[in-house]
Amino acid sequence: DSGVTQTPKHLITATGQRVTLRCSPRSGDLSVYWYQQSLDQGLQFLIQYYNGEERAKGNILERFSAQQFPDLHSELNLSSLELGDSALYFCASSVGVAVNTGELFFGEGSRLTVL
Amino acid sequence: TQLLEQSPQFLSIQEGENLTVYCNSSSVFSSLQWYRQEPGEGPVLLVTVVTGGEVKKLKRLTFQFGDARKDSSLHITAAQPGDTGLYLCAGSSYSGAGSYQLTFGKGTKLSVIP
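What counts and what doesn't
- Residues numbered from 1 in each chain as written.
- Chains lettered and ligands numbered in written order.
- Predicted model: local features only at pLDDT ≥ 70, side-chain atom pairs only at ≥ 80, totals over all residues.
- Heavy atoms only, no water.
- Helix = DSSP H or I, 4+ residues; strand = E, 2+ residues; numbered from the N terminus.
- Rg over C-alpha atoms; globule rule 2.2 N^0.38 Å.
- Buried < 20%, exposed > 50% of the residue type's maximum accessible area, 1.4 Å probe, protein only.
- Areas by Shrake-Rupley, 256 points an atom, 1.4 Å probe, with all protein chains shown as cover.
- Lys, Arg positive; Asp, Glu negative; His and termini not counted.
- Charge placed at Lys NZ, Arg CZ, Asp CG, Glu CD.
- Contact = heavy atoms within 4.5 Å.
- Phe/Tyr/Trp six-rings, centres within 6.5 Å; stacked < 30°, edge-to-face > 60°.
- Lys NZ or Arg CZ within 6 Å of the ring centre and 35° of its normal.
- Pairing = 2+ DSSP bridges.
- Axes fitted to C-alpha atoms, helices over the stretch in contact; angles between N-to-C directions.
- Core = buried A, V, L, I, M, F, W, Y, C linked by side-chain atoms within 4.5 Å.
- Buried area = accessible area lost by both parts, 1.4 Å probe.
- Salt bridge = Lys/Arg side-chain N within 4 Å of Asp/Glu carboxyl O.

Helix and strand counts for chain B come out as zero helices and eleven strands. Helices and strands in chain B line up, N terminus first, as β-β-β-β-β-β-β-β-β-β-β. Its C-alpha atoms give chain B a radius of gyration of 14 Å, near enough to 13 Å, the size a compact globule of 114 residues would have. Viewed in the frame of its principal axes, chain B has a C-alpha envelope of about 50 × 30 × 20 Å. Evaluated residue by residue, chain B yields a buried proportion of 44% over its 114 residues. Within the structure as shown, chain B displays about 5,400 Å² of accessible surface, and the carbon and sulfur contribution to it stands at 50%. Of note, chain B has its 9 positive side-chain charges centred 4 Å away from the centre of its 9 negative side-chain charges.

The structure is reproduced here in structure tokens:
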């Protein structure tokens, strides 16, 4: 158990819909990262928040947005869903803002299926 | 965009065999991490290597960081069924404003057959 909690574990929805994925980081971790994992693209970095502020942005689509709340939990909002958005979405957390040599702790992921 | 190429993509071996998986890039990384991911779970960190030429051992697993800090290898001795999983390498690079970004390879899927 990494200490990172993600909900829901599975989600099935239709094209055009909007979903929200939730993440609670490990106790004491201030950074939250969102990754998308698909068979063809591997693990792709989407966005990082540190102590409530956006810190780094990766390959996140404009249809996707995220935020980190004062209690440090984070939500990833995916809207106008397309078939290609079907993937595993992982949340990870770390103690500090820089992950150069530190460890990322991953949750078990949310599997999104868009029909 | 910095890319990490992992090879082989798939590897199926018999219990007791040795194997090496590779992680290559044209970019220099500040550090390189190896993670293992099992079905239905998130990746779990195995090791971090920082210095060019560094070798780290974790029981039957040996990790090496290339001298130029562009590539890495993972060698497993006497593989066991419990080693089965997706092995991911991740390179860390400075992205500005005090932040580092981890770039992951697509992974090597290892199956160890009893």
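Attention now goes to the overall build of chain A. If you tally the helices and strands in chain A, you get zero helices and eleven strands. The N-to-C order of helical and strand elements in chain A reads β-β-β-β-β-β-β-β-β-β-β. In terms of C-alpha radius of gyration, chain A reaches 13 Å, essentially the compact-globule figure of 13 Å for 115 residues. Across the 115 residues that make up chain A, the buried fraction comes to 50%. Residue pairs in contact within chain A that sit at least 24 positions apart in sequence constitute 56% of those at least 6 positions apart. Of the roughly 5,400 Å² of accessible surface on chain A, a fraction of 48% belongs to carbon and sulfur atoms. Of the side chains in chain A, 8 bear a positive and 12 a negative charge, and the two mean positions are spaced by 2 Å.

One pass over the full model with this rule turns up ten aromatic pairs over all chains. Aromatic side chains B:Trp34 and B:Phe63 sit 6.4 Å apart centroid to centroid with 50° between the ring planes, which places their arrangement in the tilted category. In this pair, B:Trp34 sits in strand 4 (residues 31–37) while B:Phe63 sits in strand 7 (residues 61–65), placing the two residues 29 residues apart along the sequence. Accessibility assignment for this pair places B:Trp34 and B:Phe63 in one class, buried. An aromatic cluster is present here, built from A:Tyr35, A:Phe45, A:Phe90, A:Phe106, B:Tyr35 and B:Phe104 joined pairwise through their rings. Taking the ring centre of A:Phe105 as reference, the NZ or CZ of A:Arg26 above it sits at 3.6 Å.

Let us look at the sheet that holds strand 8 (residues 74–78) of chain A. All names here are of chain A. Taken in spatial order, the four strands of this open sheet run 1-3-8-7, and their pairing is antiparallel. Edge positions in the sheet fall to strand 1 (5–7) and strand 7 (64–68), since each of these pairs with one other strand and no more. Strand after strand, the sheet turns through a mean of 15° between neighbouring axes, direction not considered. The pairing of strand 3 (residues 19–24) with strand 8 spans five bridges and is classified as antiparallel.

For the rest of this paragraph, the subject is the nonpolar core. In this structure, A:Trp34, A:Leu76, A:Leu78, A:Tyr89 and A:Leu112 are the most contacted members of the largest nonpolar core, which totals 21 residues. Of all the elements in the fold, those that place two or more residues in this core are strand 3, strand 4 (31–38), strand 5 (42–50), strand 7, strand 8, strand 9 (87–94) and strand 11 (110–114) of chain A. In this view, A:Leu78 contacts A:Gln17, A:Arg18, A:Val19, A:Leu21, A:Arg63, A:Phe64, A:Tyr89 and A:Leu112; residues no more than four positions away in its chain are not counted. Core analysis: the second largest hydrophobic core is formed by 20 residues, B:Leu4, B:Phe29, B:Leu32 and B:Leu110 among them.

This next bit is on the interface of chain A and chain B. At the junction of the two partners, chain A supplies 22 residues and chain B supplies 23 residues. Carbon and sulfur atoms supply 51% of the area that chain A and chain B bury against each other, a total of about 1,800 Å² over both sides. Seen at the junction of chain A and chain B, the total is zero salt bridges. Listing elements by their share of the side of chain A that touches chain B, those giving two or more residues are strand 4, strand 5 and strand 6 (53–57) of chain A. Of all the elements, strand 5 of chain A adds the most residues to the side of chain A that touches chain B, at four residues.

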